[in-house]
Amino acid sequence: MNNAQRGLTQHMYMGEDWREHLQSENDGTMRIKAHGDMKVDARIVTDQNHLAKYADDRGPEQLVNAASLPGIVGEAWAMADWHFGYGLPIGGVIATDTEAGELGGAISPGGVGFDINCGVRVLALEATIDDIPNIKKLGGRIAGRIPAGASGKGGLDISMSDLDEIISGGAQSAADLGFGHSKDLENLESGGRLETNNVELSTRAKERGMRALGTLGSGNHFLEIQCVESVEDNETAKHWGLYEGQLLAMIHSGSRGLGHQVCSEHSRKLEQMYKRDGNRWYNENWDFHVADRQLACAPFHSKEGQQYLDDMNGAANFAFANRSALAHRLREVLTLEMGIDGEAKTLYDVAHNIAKVETHMIHGKNCQCAVHRKGATRAFGGDQLELNSHFKITGQPVLVPGDMGTGSWIMSGPISGQNQAFGSSCHGAGRSLSRTKAKKTIDGKALKQKLENSGIRVHASTPNVLSEEAPDAYKDVDEVIELTSKAGLARPVARIIPKVVVKG
DNA sequence: ATGTTC
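Conventions we followed
Residues numbered from 1 in each chain as written. Chains lettered and ligands numbered in written order. Predicted model: local features only at pLDDT ≥ 70, side-chain atom pairs only at ≥ 80, totals over all residues. Heavy atoms only, no water. Pairing = 2+ DSSP bridges. Helix = DSSP H or I, 4+ residues; strand = E, 2+ residues; numbered from the N terminus. Axes fitted to C-alpha atoms, helices over the stretch in contact; angles between N-to-C directions. Buried < 20%, exposed > 50% of the residue type's maximum accessible area, 1.4 Å probe, protein only. Contact = heavy atoms within 4.5 Å. Polar contact = N/O pair within 3.5 Å; in protein donor to acceptor, adjacent residues only side chain to side chain. Core = buried A, V, L, I, M, F, W, Y, C linked by side-chain atoms within 4.5 Å. Phe/Tyr/Trp six-rings, centres within 6.5 Å; stacked < 30°, edge-to-face > 60°. Lys NZ or Arg CZ within 6 Å of the ring centre and 35° of its normal.

A. Examining the sheet that holds strand β12 (residues 288-290) more closely. Taken in spatial order, the 3 strands make up an open sheet running β10-β11-β12, and their pairing is antiparallel. Two strands close off the open sheet at either side, each with one partner strand: β10 (275-277) and β12. Across the sheet, the mean angle from the axis of one strand to that of its neighbour is 40°, orientation sign disregarded. Pairing geometry for strand β11 (residues 280-283) and β12, over 3 bridges, is antiparallel. Following the sheet pairing, W281 is matched in β12 by V290.

Pasting the structure below:
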């Protein structure tokens, strides 16, 4: 039985009761007042109109379930691109008090997701579209250099000791191995490295990692050469060196099979530690109840909680190194084709599937939290100590991929202070059609032709991935950005359109 | 998301 099937047979939902507890906040969000087992209110970045469009999506039920997690604080959030996921909806943000109860509040693999440290890196080129002599040729060269798809071929040749270095050292280790510049590091979330104490990855997880460094993966992962279409915030764009007509490269990838293996093993182990108790699930060692077995969790300070945190951080480090390796491969092509390699500077690199220990103000008091962001981008204010001082007067760049036909956005966190969603923002447009439904209804070949007619070069490993990832399979990214902005989570800086799309 | 089923 795979994870999805295991989940489907064992989860338990609270149904549609939440609709009776729903109220509009008229600030780009709606609130579900705590009821039943909920310990906190839930907030969805949406409005009546937007919510009605996705009435079939069971994400809000999952958010209600998450609001009963042990040690949860503040509110359980869903970003504007939310949709149904494993346990917690994609777009979910939950924070638990690491010091709640005897061993601390919950840390949950399902609250992070399978692709640990899936994230986005943007490189800013010192070039415009007119500087590319032959975009078709460039697209072909990039597609030839960047392995994409589920084949698992084309990873960089590394030794087991290289892999161990990467798991503990992240992007720094990738730079040491010759993949990427060390000057990029200050523009990566957490410097491209999360602290690990005692990572114990399985042989299988490591085997999957050995083959995958420098590969894009499939599904919604991509590499795009993009063009800044419009600047919405002149001052911020100028400070970041962005201008209309400029070329960017956006890399969207994660920890590949290694992270998937880590999530599978920990969620499986924890799920087995919960037994049915009425319509909930119970672990008597920790006296923890969860509404959905897919939200199986351990206390933050328990052996199991700390081991997940360590292994997750190791997988996150692999993902940072993977995006470094992908950027390195891209720079090699740009050098060859355009002679502009080293000038492709890293604007930023940010995770959108991760749990991090952060301090946040809860009811007027500082609280150390395990912030789970699952399909949610960190969006820190400029005064947060972790950020490169370059972002002090703007806030952190928030990189939001849209879909391959419409465009993407670069936003910014607040100039100072933290937003109300634990310093988080949306991570994309959000799916509106399931992969299965998209495959059935969208003709991949016709879509490729349509995109190419509108000036977008598309390289995809299979026609199916085009159907699954078609613009029509996604929500309207501009509407998602507008709601995010209205809720005060992040502010739009620039809208970006694709020129070359490489997809798995 | 995923060597797309342990």
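B. The arrangement of helix α13 (residues 477-486) in detail. Among the residues of α13, those classed as buried are V477, E479, V480, I481, L483 and T484. Residues of α13 that are buried make contact with α2 (48-53), β4 (72-83), β18 (397-403), β19 (407-412), β20 (424-425) and β22 (491-503). Measuring from the side-chain oxygen of the N-cap residue of α13 to the backbone nitrogen of D478 gives 2.9 Å; that N-cap residue is D476.

C. Region of interest: the nonpolar core. Within the largest apolar cluster, 40 residues are counted, with the highest numbers of intra-cluster contacts made by V45 and M79. Elements that contribute at least two residues to this core include exactly β4, β5 (90-97), β16 (365-374), β18, β19, α11 (444-453) and α13. Not counting the four nearest positions on each side in its chain, V45 is found in contact with G28, T29, H50, W77, A78, M79, A80, W82, L483, T484, A487 and L489. Core analysis: the next-biggest nonpolar cluster, separate from the first, contains 37 residues, Y86, L163, A174 and M312 among them.

D. Structural detail: the packing of aromatic side chains. Using the criterion set out here, one finds 5 aromatic pairs in the structure. Measuring from centroid to centroid gives 6.1 Å for W240 and F391, while their planes differ by 85°, and the two rings are edge-to-face. Remark: F391 occurs in the loop between β17 (377-378) and β18 and W240 occurs in helix α7 (residues 234-240); sequence separation between them is 151 residues. Taking the relative accessible area as the measure of exposure, W240 reaches 6% and is therefore buried. The exposure class of F391 is buried, given its relative accessible area of 0%. Taking NZ or CZ as reference, R431 lies 5.2 Å from the ring centre of Y474, over its face. One Lys or Arg, K475, reaches over the ring of W82 and ends 4.1 Å from the middle of that ring.

E. Inspection of the side chain of S108 at higher detail. Along the polypeptide, S108 turns up in the loop between β6 (106-107) and β7 (119-128). A distance of 3.1 Å separates a polar side-chain atom of S108 from the backbone oxygen of A296.

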